[in-house]
Amino acid sequence: NVLILDFGSQYTQLIARRVRELNIFCEIFPYNNIPSDLSSYKAVILGGSPFSVRSEDAPHPDLSQIRGKMPLLAVCYGAQYLSHFSGGEVAASNTREYGRANLSYIKEDEVFFEGVSANSQVWMSHSDSIKALPTNGVKLASTHDVEFAAYKIEGETTYAIQYHPEVYHSTDGKQMLENFLVKIAQVPQNFTPNAFVEEIVAEMKAKIGNDKVVLGLSGGVDSTVAAVLLNKAIGENLYCIFVNNGLLRKNEFQNVLNQYKGMGLNVKGVDAGERFLSELAGVSDPETKRKIIGRVFIEVFDDESHLLEDVKWLAQGTIYPDVIESVSVKGPSATIKSHHNVGGLPDFMKLQVVEPLRMLFKDEVRRVGASLGIDPELLGRHPFPGPGLSIRILGDITPEKVRILQEVDSVFIEGLKSWGLYDKVWQAGAILLPVNSVGVMGDERTYEKVVALRAVESTDGMTADWVHLPYDFLMKVSNDIINKVRGVNRVVYDISSKPPATIEWE
Ligand code: XMP
């Protein structure tokens, strides 16, 4: 187990992901909330920070229980921090150092650099430079512009590097992390999907005992994997509820429900489509739509869970990025869209919360799902927003608009699948625009709806690029939509990236 201290850098999560890729478990804590019991940690990594160590409000972690007592790797801000406060010197760089650099000097016979090529490319992102090493510091590497690109401290297992090993552009970054964690700190590489399943199932069994648990399934990867894990731990005591809000994809409610039953889950499908649609009638504002859907979902879910007797727990598919966000140094980031479904639990439900995936990243959830034997097609499904098609129907929502959008979406998604493009796209969907346009069909003038198609590449939805879908595919799909879907006479393709656009239109 590795402890990563967060000083607010955008890269901290990436460090954690790289460590996990080495099959090593790690946890991120804010620098000002270090766990008091460090006995389960085998090594500590200090991350980067947007602050300069010289500024007054810079983070000052208390490392007294860590430094010299356990293996420590300080990255970027961490490296400057160790230098500045331990007898070295940090000053503003003459030139701001951002981007690629190459290690022009590497100390010989240094385990940290084993398997790292001479001249290895590293990624720099700092505006301060280490001008003098801390007491007992030994230079390990330099680049053309940065003399102390890496150093260690004699007499301790403390290493410090100015560059970011976690970013993709640091070609041997993962090797260096492995050298530090495995060869130097001797952390075991035993965090595998199977080991996780075994451990979490045992933990859930012990925690939940013979209590009953209720869980809301959404058709998405997270809730599904959470359900299968809990099912393995407590079997029939897990009661799953799958709500149709009337805004799912075409036939999705029935198909997914059947799939869940086929997986042996104890699941009840609740068809509340009409209730949602009648509450949404006449509402155009996106945030109001989200709020209504959130509220009605809780009402429906609560009604259903009241039908079950003696339920003690609510299971949720919360994953690690949501957890990190809620405890981060900066606090939860500003709300652009109120998507975060965490913490939406009404008091009156009075249930204890169990979150089997709260320590996993998305890709790990998928790997755990695969090791549990969940259908790869389900695990590879594109993300789909909780409010469903409601935020892809611009303006007010009617059953007819939902029908049109479901049909369009289905032609698009099936098309992507049959052209072998579905897995190359991170997320895709169609948007029904609140305008009609003039067209001509046969000899008739038409005045019908416009739909936009959206397909993006992304890793986490935070940034995204539109996908360069082949023209032949777009031509075919546009023809199919206009010919097959009554009410649509024009198709456009969204070529905006995020930022500055967002993935959804609302
Ligand atoms: P945006 O539009 O913010 O979307 O670029 C980023 C990712 O979040 C999804 N999204 C939502 N998910 N409830 C959700 O559960 C929401 O209200 C919501 N809004 C956006 C979006 O589909 C994309 O994957």
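Our structure is the block above this text.
Below or above, wherever it landed, is the structure these notes cover. Since we're looking at a predicted model, the values are computed, not measured. (Residues numbered from 1 in each chain as written. Predicted model: local features only at pLDDT ≥ 70, side-chain atom pairs only at ≥ 80, totals over all residues. Heavy atoms only, no water.)

## Here we look at empty space enclosed by the protein
Working step 1: Under the definition given, this model contains two cavities of 30 Å³ or more.
Working step 2: Counted as a void, the largest cavity has a volume near 70 Å³.
Working step 3: Lining the largest cavity, in full, are R20, N23, F191, T192, P193, F196, L360, E364, R367 and V368.
Working step 4: Element by element, the count of residues in the lining of the largest cavity is highest for helix α10 (residues 362-371), at three residues.
Working step 5: Of the residues in the lining of the largest cavity, the class split is five nonpolar, two polar and three charged.
Working step 6: The computed volume of the second largest cavity comes to approximately 50 Å³.
Working step 7: Surrounding the second largest cavity, R392, Q427, A428, G429, I431, R454, V456, I503 and E504 form its lining.
Working step 8: Elements with a minimum of two residues in the lining of the second largest cavity: β15 (427-441) and β16 (444-457).
Working step 9: Residue composition of the lining of the second largest cavity, grouped by class: four nonpolar, two polar and three charged. (1 Å grid on protein atoms, 1.4 Å probe; cavity = no way out; pocket = protein on both sides within 12 Å on 5 of 7 lines; lining within 4 Å. Points joined across faces, edges and corners; volume = space filled by probe spheres on them. Helix = DSSP H or I, 4+ residues; strand = E, 2+ residues; numbered from the N terminus. Nonpolar A, V, L, I, M, F, W, Y, C, P; charged D, E, K, R; others polar.)

## Focus on the pattern of salt bridges
Working step 1: Inspection of every chain in the model, using the stated rule, returns 25 salt bridges.
Working step 2: The partner of E147 in a salt bridge is K139, and the shortest N-O contact between them spans 3.2 Å.
Working step 3: Accessibility expressed as a relative area gives 45% for E147, which makes it partly exposed.
Working step 4: The salt bridge partner of E252 is R381, with a shortest N-O separation of 2.3 Å. Taken as a pair, E252 in helix α6 (residues 252-262) and R381 in the loop between α11 (376-379) and α12 (399-418) lie far apart in primary sequence, 129 residues in all.
Working step 5: Judged by relative accessible area, E252 falls into the buried class, the value being 7%.
Working step 6: Beyond isolated ion pairs, a larger network of salt bridges with shared partners links R275, E279, R295, E299 and D303. (Salt bridge = Lys/Arg side-chain N within 4 Å of Asp/Glu carboxyl O. Buried < 20%, exposed > 50% of the residue type's maximum accessible area, 1.4 Å probe, protein only.)

## A look at the sheet that holds strand β11 (residues 238-244)
Working step 1: The parallel open sheet is built from five strands, whose spatial order is β12-β11-β10-β13-β14. The sheet is open, and its two borders are formed by β12 (267-271) and β14 (352-354), each paired with just one other strand. Averaged over all neighbouring strand pairs, the angle between strand axes comes to 30°, with direction disregarded.
Working step 2: Across four bridges, the pairing between strand β10 (residues 212-217) and strand β13 (residues 311-315) is parallel. Considered in β13, the bridge of K212 is made with V311.
Working step 3: Those strands touched by α6 are β10, β11 and β12, and its axis lies near 170° from that of β12. (Pairing = 2+ DSSP bridges. Axes fitted to C-alpha atoms, helices over the stretch in contact; angles between N-to-C directions. Contact = heavy atoms within 4.5 Å.)

Take it as geometry only, folks, not as evidence of what the structure does.
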